[in-house]
Amino acid sequence: MTGKPDPRIRNIVILTGAGVSAESGVPTFRGPDGLWEGHRVEDVALPEAFRRNPLLVQRFYDERRAALSRVEPNAAHLALARLDAEWSGALLLVTQNVDDLHERAGSKRLLHMHGELKRALCTGCGAASPWSADLSGAPACPRCAAAALRPDIVWFGEMPYHMDIIEAAIDACDLFVSIGTSGAVYPAAGFVDHARSCGARTLELNLDRSAGTPMFGEVRHGPAGALVPEFVAEMLG
């Protein structure tokens, strides 16, 4: 990237991770002590954990869902929404985050590959429904009324959503950008290699060096709230 719009770039895929929402006050997935909000990841982010202690898992995600009302989109979310609104080429924003801050900022061309806190998944019929209330009371599925609901979150060991759409977009992209990701969680960590193999330019915007940094053609380090608006302004000229 040169600081000026590149006329050869028409199709963009952007991947966002926890670093984008961290500046809004949303905790990153795993802290330096190896815990996520005081819990072992193995106790709240595995299908086996839900089968072993469903009440603990439901309460954990109920708390995360309720916490969304206390955070707001930051400058990075707003800048990406501006790019979504003003970019005339193809654009796909893929987020690993389960919060709703991209939507609240105004992004439309958006996919949640790891699910959403504000959706619930039926353990029986598999239907997903918008959901804002607690799940710890074991409410029945509004579609089939025959089974309980779980958070519509992709846990470790489960297949991320929308992979066919994401892979097709990367096949056709001219620029792949990763923002605020660890570069360590697959399959998302493999997107940069996919993009490079298709001839796309690659850019990482991250607070610090990530596990995936060596794979990118260009890297910029700093807070997302500063880097992302600069990047968007550059792309829109």
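Residues numbered from 1 in each chain as written. Predicted model: local features only at pLDDT ≥ 70, side-chain atom pairs only at ≥ 80, totals over all residues. Heavy atoms only, no water.

1. A closer look at the UniProt feature "binding site: substrate" (unreviewed entry) in the protein
Here comes step 1: Under the local residue numbering, the UniProt record ascribes the feature "binding site: substrate" (unreviewed entry) to Tyr61 and Arg64.
Here comes step 2: The residue Tyr61 is located in helix H4 (residues 54-67) in this model.
Here comes step 3: For Tyr61, a relative accessible area of 1% puts it in the buried group.
Here comes step 4: Looking at where Arg64 falls in the secondary structure, it is placed in helix H4.
Here comes step 5: Here the side chain of Arg64 touches Phe60 through a polar contact of 3.0 Å, landing on its backbone oxygen. (UniProt positions renumbered as here; feature names shortened; annotations may be inferred. Helix = DSSP H or I, 4+ residues; strand = E, 2+ residues; numbered from the N terminus. Buried < 20%, exposed > 50% of the residue type's maximum accessible area, 1.4 Å probe, protein only. Polar contact = N/O pair within 3.5 Å; in protein donor to acceptor, adjacent residues only side chain to side chain.)

2. Points about H4
Here comes step 1: Here H4 contains 14 residues, and its C-alpha end-to-end distance of 20 Å stays within 8% of the 20 Å for a straight helix at 1.5 Å per residue.
Here comes step 2: Listed as buried for H4 are Val57, Gln58, Phe60, Tyr61, Asp62, Arg64 and Arg65. (Expected span 1.5 Å × (residues − 1).)

3. Digging into the nonpolar core
In globular proteins that are soluble, nonpolar side chains generally tend to be buried together.
Here comes step 1: Residues Ile14, Ile179, Val228 and Phe231 are the most contacted members of the largest nonpolar core, which totals 23 residues.
Here comes step 2: With 6 residues, the single largest contributor to this core is helix H9 (residues 224-236).
Here comes step 3: Ignoring anything within four residues of it in the chain, the contact list for Val228 reads Ala76, Ala79, Leu80, Ile179 and Leu205.
Here comes step 4: Membership of the second largest hydrophobic core comes to 17 residues, among which are Val13, Leu15, Met113 and Val192. (Core = buried A, V, L, I, M, F, W, Y, C linked by side-chain atoms within 4.5 Å. Contact = heavy atoms within 4.5 Å.)

4. Some words on the packing of aromatic side chains
Here comes step 1: In total, this model carries 4 aromatic pairs according to the counting rule given.
Here comes step 2: Here Tyr61 and Trp155 contribute two aromatic rings whose centre-to-centre distance is 6.1 Å and whose plane-to-plane angle is 45 degrees, an arrangement assigned as tilted. Residue Tyr61 is located in helix H4, and its partner Trp155 is located in the loop between strand S8 (149-153) and helix H7 (163-172); the two are separated by 94 residues in the primary sequence. Judged on exposure class, the residue Tyr61 and its partner Trp155 are both buried. (Phe/Tyr/Trp six-rings, centres within 6.5 Å; stacked < 30°, edge-to-face > 60°.)

5. Notes on the UniProt feature "active site" (unreviewed entry) in the protein
Here comes step 1: Under the local residue numbering, the UniProt record ascribes the feature "active site" (unreviewed entry) to His114.
Here comes step 2: Position of His114 relative to the elements: it lies in the loop between strand S5 (110-112) and strand S6 (115-122).
Here comes step 3: When residues no more than four places from it in sequence are discounted, the contact partners of His114 are Thr95, Gln96, Val98, Asp152, Ile153, Val154, Pro160 and Val185.
Here comes step 4: At 3.4 Å, the side chain of His114 forms a polar contact with the backbone oxygen of Gln96.

6. A short note on the pairing of strand S4 (residues 91-95)
Here comes step 1: Most of S4 is tucked away, with 5 of its 5 residues classed as buried.
Here comes step 2: Of the two faces of S4, the one carrying Leu91, Leu93 and Thr95 and the one carrying Leu92 and Val94 are both buried.
Here comes step 3: Here 5 bridges tie strand S1 (residues 12-16) to S4, and the two strands are oriented parallel to one another. Considered in S4, the bridge of Ile12 is made with Leu91.
Here comes step 4: In this structure, S4 lies alongside S5, joined through 3 bridges in parallel fashion. Note on S5: the bridge partner recorded for Thr95 is His112. (Pairing = 2+ DSSP bridges.)

7. Considerations on H7
Here comes step 1: Along H7, the residues that are buried comprise Met163, Ile166 and Ile170. All buried residues of H7 fall inside an arc of 65 degrees around its axis, so they share one side.
Here comes step 2: Tucked inside the fold, the buried residues of H7 contact S1, S4, S5 and helix H8 (191-197). (Arc of directions from axis to C-beta.)

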